[in-house]
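Overview (structure and organization)
The lines below spell out each chain.
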2 protein chains.
Amino acid sequence: MLRTHTCGQLLLADVNKQVTLCGWVQKTRDLGGMTFIDLRDRYGITQLAFNLDWDKNICEKARELSREFVIKISGTVIERESKNKNNPTGDIEIRVTTLDILNKSITPPFTIEEQSDGGDELRMRYRYLDLRRASVRKNLELRHRLAIETRNYLDLLSFIEVETPVLIKSTPEGARDFVVPSRMNKNEFYALPQSPQTFKQLLMVSGFDRYYQIVKCFRDEDLRADRQPEFTQIDCEMSFVEQEDILNTFEGLIQHLFKKVKNISIDKLPRITYAHAMEFYGNDKPDTRFDMHLVQLNKAQNNVVAGKNFKLFDEAELVLAICAKGAANYTRKQLDELTEWVKRPQIGMSGLVYARVSEDGTIKSSVDKFYNEAALQLWANACKAQKGDLILVLSGSENKTRKAMSELRLEMGNRLGLRGKDKYACLWVVDFPLLEWNEGDPNLPESMRGRWVAKHHPFTSPKPEDVSLLTTNPGEVRANAYDMVINGVEVGGGSIRIYERELQEKMFSILGFTREEAQKQFGFLLHAFEFGAPPHGGIAFGFDRLCSLFAGAESIRDFIAFPKNNHGRDTMIDAPSTISEEQLNELNIQLKK
Amino acid sequence: MLRTHTCGQLLLADVNKQVTLCGWVQKTRDLGGMTFIDLRDRYGITQLAFNLDWDKNICEKARELSREFVIKISGTVIERESKNKNNPTGDIEIRVTTLDILNKSITPPFTIEEQSDGGDELRMRYRYLDLRRASVRKNLELRHRLAIETRNYLDLLSFIEVETPVLIKSTPEGARDFVVPSRMNKNEFYALPQSPQTFKQLLMVSGFDRYYQIVKCFRDEDLRADRQPEFTQIDCEMSFVEQEDILNTFEGLIQHLFKKVKNISIDKLPRITYAHAMEFYGNDKPDTRFDMHLVQLNKAQNNVVAGKNFKLFDEAELVLAICAKGAANYTRKQLDELTEWVKRPQIGMSGLVYARVSEDGTIKSSVDKFYNEAALQLWANACKAQKGDLILVLSGSENKTRKAMSELRLEMGNRLGLRGKDKYACLWVVDFPLLEWNEGDPNLPESMRGRWVAKHHPFTSPKPEDVSLLTTNPGEVRANAYDMVINGVEVGGGSIRIYERELQEKMFSILGFTREEAQKQFGFLLHAFEFGAPPHGGIAFGFDRLCSLFAGAESIRDFIAFPKNNHGRDTMIDAPSTISEEQLNELNIQLKK
């Protein structure tokens, strides 16, 4: 090795040792007779000391070094006069006796510091320099650690990691496939997997019983913020299990990861139904770090807003309230601001009604004209609002109001400091609907729009007691499907699968597949089910997202070594790019004019 | 869980336990009053016992079961009367009290037995059934174990696993790229990586210093036997190292794997040069389980075949001999057979000369007309042949003769039982040539033929002392490149890389890149080298091949869960396949007529 130690290693105990270090020049300080250099590598920073009196030549050579030069030095470890308690190696420095420049550096386009002066685009183009920053490097180290601990946990439980193929067949359910023209099979294409779903099910048919894989998946979607065309899943499947077995196994995984990586103990995860989540949180991935439940004020059997001539509420499909604890002291300005917030196009409500429960118990609202104190007290009762609380009310059409209130709840959680990054609320959401009506998601191929689509995917099994509804009322059928939600983020989802040919064919038919289409795309799976397929189910975790969650970060991009931008471009290597006519010819394709 | 135990778990100590098992019916035996069923899962086989006297209904139900039915049974563990010492669970059986059929099976197209009656094609089409066979399952278990131990070793040495992107840029050096049309970036294409080479080098520029990844790579080659379009590498890179550091680190990996997985201790690996390997074994991946070195009989300074009027040898560029120890008793028939063997088109020699050194020390050859006993004794001396040995001689043009003799050596190794599967000879071959002249490998794009190509790849550094030859005599330049060879198989290869822009540009220019082409394809790497790139080097192991080697198997196919056939097809899922007009339109491509 060119070095004897790393830059994160030397301590007081090493004083007087002869050492050789390699690394990058982080900083040089020229103090007249003395020159100090911070030498950086992946493991830390060590201070190098040069003195005109010790060695004139080497000191002058050191003064010529610029930021990001790669150097190799040898010298003696000495105790520092002024120690740096913020740096693990801050007790020592190296009195340098030889200095080699291994490679020079031109001036980097941005500073390689904790807080860089480079904008997002610039840092993406020079990703290899951005990766030198400790914060970005630590993200990838965290990712590695999570991968190790995931494997440790699953290996101990006899899961076997099996690599499934990347060049597979295009089966356009779900999102769009990336396709790969085959040169050897003219006019045919492979597709890149959106997930290894069918392969892991075939592994269950093969008797592999406990499978996992940390695996790249691909979706050709119009990229919304923070989606990547290639992403990584922790993909798992088990045989001879029921839903509760899977939930237990994989909440065990999450508990293991939190314990090992963050030393946080996570209790057994609560299970709430999809219906419950929608009712109390307004969405299927509730942030349960705080309560602030949604309360319907215009329930049929207990309508506390009707009959007061307030048309807006009388005519609304849904009137929803939340109670913001201790926020009765919100100023008029703050409330106006909140009103503007719900009126933004992203939320799209026409206004916000509020009622303050003051410290003396009196209640004042923005609709006092219609609701007297007694009427408002009914609101307060419904919301369990107490002295000092603020009630916020939205009304309108059902879906829109629920969605808006779900957003407002999260916003109030933020404003009241209830969503701390160091707090982790994990839960299972279960009993999802099997199907949902799709009007026209532009991410779906045209042929998939305006009909029933699978909420999870076509292989999810309906609850046995709901099977009879499949033909009469498909929207009411509940699935043996579950999501793991942490802090309002869906980190994983899965289901108990269909394992009988007949039911799987019925499912395809409900999803609008003709018998021929189902056979062409999934004939192999249907046929496999005839040879003794075991009951099975599984789950997949979004690994990029899980990493960002463990770091308390918002974006997944910084947890991917070489991410793509929102146009699916890697601006560093400049991909995608044109290819040669020769390549196109060999593949028997041409560009459309 | 649907079961309390697996089918590989129950022993005498479990007698009298109430258990529930799930699995597949391997075999049923109906012995009149008694019925026995072998129940199989991933972990083993457990015998189930049914008796008309114990329970008539359940016994009759058991008799109805066919092969590969999936069942769930409960019962009591009892000691067997006639124990089966070949089965770990052979001391016990289950007296079954409840029996549920979880799923039926139609008759499988081949037997799910150690020796299946299914042909290759049929087993590929029903791969999910072939994977039920213990031998195939064990291959994938071995693969998993090797992956775990690889990670354990590298993690301990502070290597960090980083995922590099799959959607990258087409850079057609080496083999053909698979390409992926981009929908969002019209008329542009991603390529699938042939290796993460440039990305791992960028990670070194980033300071990641020790990287690895077990990663899928892709090559669109005309598939020879036992090549796969997608394959897996153990890909590694280190900074601040010299060649010897990499050799030490990764022979450590191989030693670790052999110890942990096979309990075999491997000594420090010998290092031999490429030139040595070519001279003594005739190829650059010698099987060193046995010696049988190639001996040149027509050396300029010691020509032991010239001047005897044997035109064939006199005119040959190369006359090579090997000495097959103890094979002097080969019959005329065996020798004729060997002669036919070297005449086959795959070898392509016109004949084979032999000389037997008999037990009494006399030497008889197939060319006695030209060489008397004294002349033949010179051959024997050159080959170090002793009493009882057989000398085999081939002659002709240099490359062809060397290649043929290399093959004949391996063949004789086989025939003499010198290549035992349980014997492992590992070594490093070093000092490869940097470049080789390529006439016209059809796997290269046309533009790459008829010029110098990189023996490893364009990023391999020349030996410093040979750099001056780059312009004068490129073919003589040796590289800091190395292969790990085990039993005649190249399992890994790598090099110390170029890390200076100038040298890398020179290398591209020698390889026939214009400045513009180099800039377009690798500008990002050249630019990165300007920001303080550290000295670095690495290696990649063929993981599929490594697995097959550890199992003593010839083919890699059985170590891949879902392999493709020689036409790049997955016959199980029937991929590749046609895609819809809609998909083609969205990608702005069309098929050529």
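Calculation rules
Just so you know, the residues in each chain are numbered from 1, in the order the chain's sequence is written. In the order they appear in the text, chains get letters beginning with A and ligands get numbers beginning with 1. Only residues with pLDDT of at least 70 get local features here, since the model is predicted, and only at 80 or more are side-chain atom pairs given and counted; chain-wide, interface and lining totals rely on the full set of residues. Think of the side-chain values as coming from all heavy atoms in the structure, minus any hydrogens and water. Think of a salt bridge as a Lys or Arg side-chain nitrogen and an Asp or Glu carboxyl oxygen that are within 4 Å of each other. The numbering of helices and of strands both runs from the N terminus, where a helix is a DSSP run of H or I of at least 4 residues and a strand a run of E of at least 2. Throughout this description, buried means an accessible area under 20% of the type-specific maximum (1.4 Å probe, protein chains only), exposed means over 50%, and partly exposed covers the range between. Bear in mind that the domain bounds are from an automatic or database domain assignment. Two strands qualify as a pair provided that DSSP identifies no fewer than 2 bridges between them. The contact criterion used is simple: two residues touch if any of their non-hydrogen atoms lie within 4.5 Å. The axes are straight lines fitted to the C-alpha atoms, using for helices just the contacting stretch, and the angles between their N-to-C directions are given from 0 to 180°. Two parts placed together each lose some accessible area under a 1.4 Å probe, and the buried area is that loss summed for both. Polar contacts, as counted here, are pairs of nitrogen or oxygen atoms within 3.5 Å of one another; within protein the pair requires one atom able to donate a hydrogen and one able to accept it, and residues that are adjacent in sequence qualify only if both atoms are side-chain atoms.

1. Considerations on the pattern of salt bridges
Pairing is possible between side chains of opposite charge, provided their charged atoms come close. Inspection of every chain in the model, using the stated rule, returns 103 salt bridges over all chains. Note that A:R332 is salt-bridged to A:D336, the shortest N-O span being 3.2 Å. With A:R332 and A:D336 both in helix α9 (residues 332-343), this residue pair falls 4 residues apart, about one helical turn. Looking at A:R332, the relative accessible area reads 55%, which means it is exposed. Note that B:K56 is salt-bridged to B:E60, the shortest N-O span being 3.4 Å.

2. Regarding the domain arrangement of chain A
Here chain A is described as being made up of domain 1 (12-103), domain 2 (138-272 + 428-559) and domain 3 (290-419). Taken over C-alpha atoms, the centre of domain 1 of chain A sits 52 Å from the centre of domain 2 of chain A.

3. Let's talk about the sheet that holds strand β21 (residues 489-496) of chain A
Residue and element names in this part refer to chain A. A sheet is described by the order of its strands in space; here 8 strands give the open sequence β6-β9-β10-β22-β21-β20-β17-β11, paired in mixed fashion. In this open sheet, the two edge strands, each paired with only one partner strand, are β6 (160-161) and β11 (271-273). For strand β17 (residues 426-430) and strand β20 (residues 481-486), the ladder comprises 5 bridges, and the chain directions are antiparallel. By the bridge assignment, W428 is partnered in β20 with M484. Each of β6, β9 (210-218) and β10 (230-239) is contacted by helix α4 (residues 134-156), which is oriented at about 150 degrees to β9, the strand it contacts most.

4. Describing the interface of chain B and chain A
Size of an interface, as often reported, equals the accessible area lost when the parts are brought together. Each partner contributes residues to the interface: chain B has 130 residues there, and chain A has 130 residues. Between chain B and chain A, the buried area comes to about 11600 Å², and carbon and sulfur atoms account for 58% of it. Area buried by chain B at its contact with chain A is led by B:F240, B:F531 and B:K592, which between them contribute 7% of it. Along the contact surface separating chain B from chain A lie 15 salt bridges. For the pair chain B and chain A, the number of links is 78 residue pairs in polar contact (both at pLDDT 80 or more). No other element matches helix α4 (residues 134-156) of chain B, which puts 8 residues into the side of chain B that touches chain A. Note that strand β23 (residues 589-591) of chain A and strand β23 (residues 589-591) of chain B share 3 bridges and pair antiparallel.

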